[in-house]
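Residues per chain, in single letters:
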Amino acid sequence: MIPGQGQSSEEGFDINKKLEELPVEIRLRAIDRLKVARLRHNRSLWTRILLVIALIGPGILVMVADNDAGGVITYAQTGSIFGLGFFIPLMILMVPTAYLVQEMTVRLAAVTRRGHAEMIWKRYGPFWGAFSLGDLVIANSLTLVTEFIGITFGMSIFGVKPLIAVIIGIAFISTVMLTLRYHKWERASLIIAFFNMIFIPLVFFAHPDWSLVAKSFLTWHISGGISTLFIYVLLANIGTTIAPWMLFFQQSSEVDKGTVPEDIGAGKRDTFVGACIMATVAICILVLTGTLVFSTGHVGTTTSTTSYNIAFILSTISKKIGTIPVELFALGLIDAGIIAAIALTASTSWAVGEAFNWPKSINLPFLEGRKFYIPGIISMLIAAAIVLVPNVPLGFLNITVQVIASIFMPAALLFLLLLVNDKEVMGKHVNKKWENVSIITIMIVLVSMSSLYGLSLVFPHLL
Amino acid sequence: MDALDGKEFGFIKNDKDWENFLKKEKLKDYSKIPVKRAKVSGWVKFAFVFLRIYIVIMLVLIILGFLNII
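Because the structure is a prediction, the values reported are computed rather than measured.

### Some points on the domain arrangement of chain A
You'll often see interface size given as the accessible area lost when the parts meet.
Residues and elements named next belong to chain A.
Piece 1. According to the domain assignment, chain A consists of domain 1 (1-37) and domain 2 (63-458).
Piece 2. If you average the C-alpha positions of domain 1 and of domain 2, the two centres end up 37 Å apart.
Piece 3. Taken together, the contact between domain 1 and domain 2 spans six residues of the former and 15 residues of the latter.
Piece 4. For the pair domain 1 and domain 2, the summed buried surface comes to about 780 Å²; carbon and sulfur atoms form 50% of the total.
Piece 5. On inspection of domain 1 and its partner domain 2, the count reaches two salt bridges.

Right, dumping it as structure tokens:
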């Protein structure tokens with residue numbers, strides 16, 4: 001029996017009356033936290049399992065959402081161009097990289113109980129606050145365009161017209177965000193995220209040569225050697241692993257979930273599991289296309305001059321192993337677009353709310369929290385509308401997203417590092433020396449790579 | 001909102017337990033609590049100068065690049 005459970009409260013004390021006294025968003029968070037506290041009071045195996053399940057969420061969501069439609073296409077193209085080699089072990093390296101960066105947002109959220117945008121704005125002033133917010137909102141909106149491209153392309157495999165696909169996408173994402181309060185929103189998003197793992201069984205349809213996959217970890221073989229195309233693809237893969245919006249999303253999500261310092265360990269595990277899922281899905285896509293599509297198309301000097309676009313990749317898979325795997329791939333692409341669109345929409349709403357001190361919680365009912373919901377919903381509607389514009393320069397938009405991310409990345413990482421080393425803010429939860437050394441190394445690599453990538457997109461002959 | 005069964009949360013028996021719970025779980029309105037501006041000095045000042053230079057250089061290069069593309 002749970003200690004204290006079943007015991008009567010003291011006369012006159014009513015927990016429901018106490019809850020009613022709290023503002024609505026805090027009341028709903030308090031109920032979630034009461035359930036967590038109840039599980040913590042019990043030490044049985046079953047309640048411990050339930051506690052682990054209750055505390056997962058933002059870490060897995062952010063990592064799975066990072067395998068978005070653009071990411072899935074990038075991995076598919078990478079496998080098609082370079083086969084089973086260098087990029088498979090590289091994805092394993094991305095696990096600690098993504099984990100070390102994202103884990104800091106768990107600590108920041110638990111200790112400060114404030115989102116990343118709010119902390120930058122209030123700790124470093126309106127200039128940097130506005131710069132970060134502006135960059136984030138523009139990058140999120142443009143990334144949403146790529147998610148809707150993924151959704152419409154995936155649905156086109158099932159014969160759904162773009163307009164209908166976009167309407168289904170908008171209706172689904174809005175319903176999840178506007179009708180579910182945080183706990184249910186998080187659980188629904190986790191279920192959607194679960195389907196991102198559709199790429200894992202899909203790889204077995206290809207009957208890959210697992211000895212070649214294992215060998216890639218020993219040789220890190222680069223098909224065709226180090227070339228301009230290799231560097232370009234390398235930069236694109238690293239660019240898809242850590243994006244600025246992820247820092248903002250996870251910190252705000254942890255705040256809305258109610259993460260406190262006691263939950264930091266659970267938050268770290270959640271983030272690590274998420275990073276492992278992200279890498280596993282990426283590797284499966286690389287192995288699938290590396291087995292079936294590698295060396296079947298024309299390779300140019302950049303991805304834009306190769307014949308490995310997603311339509312070619314899917315038609316090659318279809319020719320080799322039939323239509324069912326292609327339909328599963330298309331479902332995965334739709335799911336990747338939807339989960340990322342849910343995360344990006346929430347990220348925009350949280351960041352705007354935090355910057356302007358507006359209400360900022362998915363626990364708010366729509367009417368009470370309309371100021372919070374509207375920025376995210378508007379950005380989604382704009383993105384959806386752009387996808388439907390005939391002859392819209394989608395390639396140009398994709399370049400703009402990457403370029404904005406490359407400008408924003410150093411700032412986002414610098415503020416993260418400053419905040420997490422700020423003793424006044426973090427107290428005993430500041431970074432340890434080895435964490436700073438690791439993060440600064442990662443920062444130097446990521447910043448150099450993302451800057452080079454951003455510049456290479458607008459100066460194609462730079463590499 | 002469905003009412004909670006108080007017996008299930010018997011570890012909170014009185015006002016003091018409730019206050020402790022709210023405090024431990026940090027359940028308060030943080031938007032009403034001001035955040036102090038950070039003092040920017042030393043290597044942080046240097047990092048901000050570097051960041052501004054980086055942003056300006058990137059913006060100029062990217063504008064030039066986009067002009068080339070268009």
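This is not the end of the story, as more comes after the structure.
### Concerning helix 9 (residues 182-194) of chain A
All names here are of chain A.
Piece 1. Over its 13 residues, helix 9 runs 18 Å from end to end, which matches the ideal 18 Å to within 8%, given 1.5 Å per residue.
Piece 2. Inspection of helix 9 places Tyr182, Trp185, Glu186, Arg187, Ala188, Ser189, Leu190, Ile192 and Ala193 among the buried residues, and these make up the whole buried set.
Piece 3. Looking at the buried positions of helix 9, the neighbouring elements they touch are helix 3 (45-55), helix 4 (58-66), helix 8 (162-179), helix 13 (244-257) and helix 16 (323-355).

### Observations concerning the side chain of A:Arg27
Residue and element names in this part refer to chain A.
Piece 1. Tracing the backbone through its elements, the reader meets Arg27 in helix 2 (residues 24-41).
Piece 2. Summary of buried charges: Arg27 has no salt-bridge partner, and the nearest side chain of opposite charge, Glu20, is 4.3 Å away.
Piece 3. Side-chain polar atoms of Arg27 contact the backbone oxygen of Leu22, separated by 3.4 Å.

### Regarding the interface of chain B and chain A
Piece 1. Contact with chain B, which involves 48 residues of that partner, is made by 62 residues of chain A.
Piece 2. Between chain B and chain A, a total of about 5200 Å² is buried, with carbon and sulfur atoms accounting for 70% of that surface.
Piece 3. Connecting chain B to chain A are four salt bridges.
Piece 4. Elements supplying a minimum of two residues to the side of chain B that touches chain A: helix 1 (15-24) and helix 2 (43-69) of chain B.
Piece 5. Here the side of chain B that touches chain A gets 17 residues from one element, more than from any other, and that element is helix 2 of chain B.
Piece 6. A class-by-class count of the residues in the side of chain B that touches chain A yields 30 nonpolar, six polar and twelve charged.

### Here's the deal with the nonpolar core
Residue and element names in this part refer to chain A.
Piece 1. The biggest cluster of nonpolar side chains holds 159 residues, and the ones touching the most others in it are Phe148, Trp185, Trp245 and Phe329.
Piece 2. It is helix 18 (residues 394-420) that contributes the most residues to this core, 17 residues altogether.
Piece 3. Setting aside its immediate chain neighbours within four residues, Trp185 contacts Leu61, Val176, Met177, Leu180, Phe249, Ser253, Ile342, Ala346, Trp350 and Ile362.

### Here's the deal with the packing of helix 15 (residues 310-321) of chain A against helix 16 of chain A
All names here are of chain A.
Piece 1. For the pair helix 15 and helix 16, the least separation of the axes is 7 Å and the interaxial angle reads 145°. Here helix 15 contributes Ile310, Leu314, Ile317, Ser318 and Ile321 to the contact with helix 16, which in turn contributes Thr323, Pro325, Val326 and Phe329.
Piece 2. Considering only residue class, the contact of helix 15 with helix 16 consists of seven nonpolar, two polar and no charged.

### Some thoughts on unusual backbone geometry
Peptide bonds are, in most cases, trans, and in most cases residues other than glycine have a negative phi.
Piece 1. Non-glycine residue A:His207 carries a positive phi angle of around 45°.
Piece 2. Structurally, A:His207 can be placed in the loop between helix 10 (199-205) and helix 11 (210-219).
Piece 3. In this structure A:His207 comes out as exposed when scored by relative accessible area, which is 68%.
Piece 4. Even without a glycine there, the phi angle at B:Lys26 is positive, about 55°.
Piece 5. Counting through the fold element by element, B:Lys26 comes out in the loop between helix 1 and helix 2.

Analysis parameters
Just so you know, the residues in each chain are numbered from 1, in the order the chain's sequence is written. Numbering of ligands from 1 and lettering of chains from A proceed in the order in which they are written. Local features are withheld for residues below a pLDDT of 70 in this predicted model, meaning they are given only at 70 or higher, and side-chain atom pairs are given and counted only at 80 or more; totals for whole chains, interfaces and linings count all residues. Hydrogen atoms and water are omitted, and side-chain values are computed over all heavy atoms in the structure. Start and end points for every domain follow an automatic or database-based domain assignment. By definition in these notes, contact holds between two residues if any of their heavy atoms fall within 4.5 Å. Buried surface area refers to the total accessible area, computed with a probe of radius 1.4 Å, that the two partners give up upon joining, counted for both partners together. Salt bridges, as used here, are contacts in which a Lys or Arg side-chain nitrogen is within 4 Å of a carboxyl oxygen on Asp or Glu. The way it works is that DSSP assigns letters per residue, a run of H or I at least four long becomes a helix, a run of E at least two long becomes a strand, and they are numbered from the N terminus. To estimate the expected span of a helix, subtract one from its residue number and multiply by 1.5 Å. Working definition: with a 1.4 Å probe on protein chains only, accessible area under 20% of the residue-type maximum means buried, over 50% means exposed, and in between means partly exposed. In this tally Asp and Glu are treated as negative and Lys and Arg as positive; neither His nor the chain ends contributes. Whenever a nitrogen or oxygen atom comes within 3.5 Å of another N or O atom, the pair is scored as a polar contact, on the condition that within protein one atom can donate a hydrogen and the other can accept it, and that pairs from neighbouring residues in sequence are kept only if both atoms are in side chains. Residue type decides the class: Asp, Glu, Lys and Arg count as charged, Ala, Val, Leu, Ile, Met, Phe, Trp, Tyr, Cys and Pro as nonpolar, and the leftover types, Gly among them, as polar. Side-chain atoms within 4.5 Å link the members of a nonpolar core, which is a set of buried Ala, Val, Leu, Ile, Met, Phe, Trp, Tyr and Cys residues. To get an axis, fit a line to the C-alpha atoms, keeping to the stretch in contact for a helix; angles then go from 0 to 180 degrees between the N-to-C directions.

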